[in-house]
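# Coordinate analysis (summary)
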Amino acid sequence: MSSLVAALALMLVIEGLVPFLAPAAWRETFRRIIEMRDGQIRFIGAASIAGGALLYLFVA
């Protein structure tokens with residue numbers, strides 16, 4: 001359980017870096033995401049899940 005909490009904490013740190021260091025780029029990225037169709041967003045989400053799962057399998 002502590003590994004899961006540590007992974008969540010690290011994810012939050014990494015996710016917070018872009019809006020902290022480059023807020024304009026972060027805002028532009030979200031503007032582009034809002035303009036995407038649902039299918040495109042789902043594909044990006046599925047690719048992220050698959051990539052994360054594969055990375056986990058190689059590391060663990």
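Since the structure is predicted, the reported quantities are computational estimates derived from the model, not experimental observations.

### Focus: a nonpolar patch on the surface
Taken together, the side chains of Leu10, Val13, Ile14, Leu17, Val18, Phe20, Leu21, Trp26, Phe30, Ile33 and Ile41 present a nonpolar region at the surface, about 1100 Å² in accessible area. Those elements that place two or more of their residues in the nonpolar patch are helix H1 (2-21) and helix H2 (23-35). Counting residues per element, the nonpolar patch draws most heavily on H1, which supplies 7 residues. Structurally, Leu21 is set in helix H1. By relative accessible area, Leu21 is classed as exposed at 66%.

### Quick look at the packing of aromatic side chains
By the definition in use, this model includes 1 aromatic pair. Taking the centre distance of 4.8 Å and the plane angle of 55 degrees together, the rings of Trp26 and Phe30 count as tilted. Here the residue Trp26 and the residue Phe30 both occupy positions in helix H2, the gap between them amounting to 4 residues, near one helical turn. Residue classification places Trp26 among the partly exposed residues on the basis of a relative accessible area of 38%.

Rules of the game
- Residues numbered from 1 in each chain as written.
- Predicted model: local features only at pLDDT ≥ 70, side-chain atom pairs only at ≥ 80, totals over all residues.
- Heavy atoms only, no water.
- Patch = residues over 30% accessible without salt bridge, like charges linked within 9 Å, V, L, I, M, F, W, Y side chains within 5 Å.
- Areas by Shrake-Rupley, 256 points an atom, 1.4 Å probe, with all protein chains shown as cover.
- Salt bridge = Lys/Arg side-chain N within 4 Å of Asp/Glu carboxyl O.
- Helix = DSSP H or I, 4+ residues; strand = E, 2+ residues; numbered from the N terminus.
- Buried < 20%, exposed > 50% of the residue type's maximum accessible area, 1.4 Å probe, protein only.
- Phe/Tyr/Trp six-rings, centres within 6.5 Å; stacked < 30°, edge-to-face > 60°.

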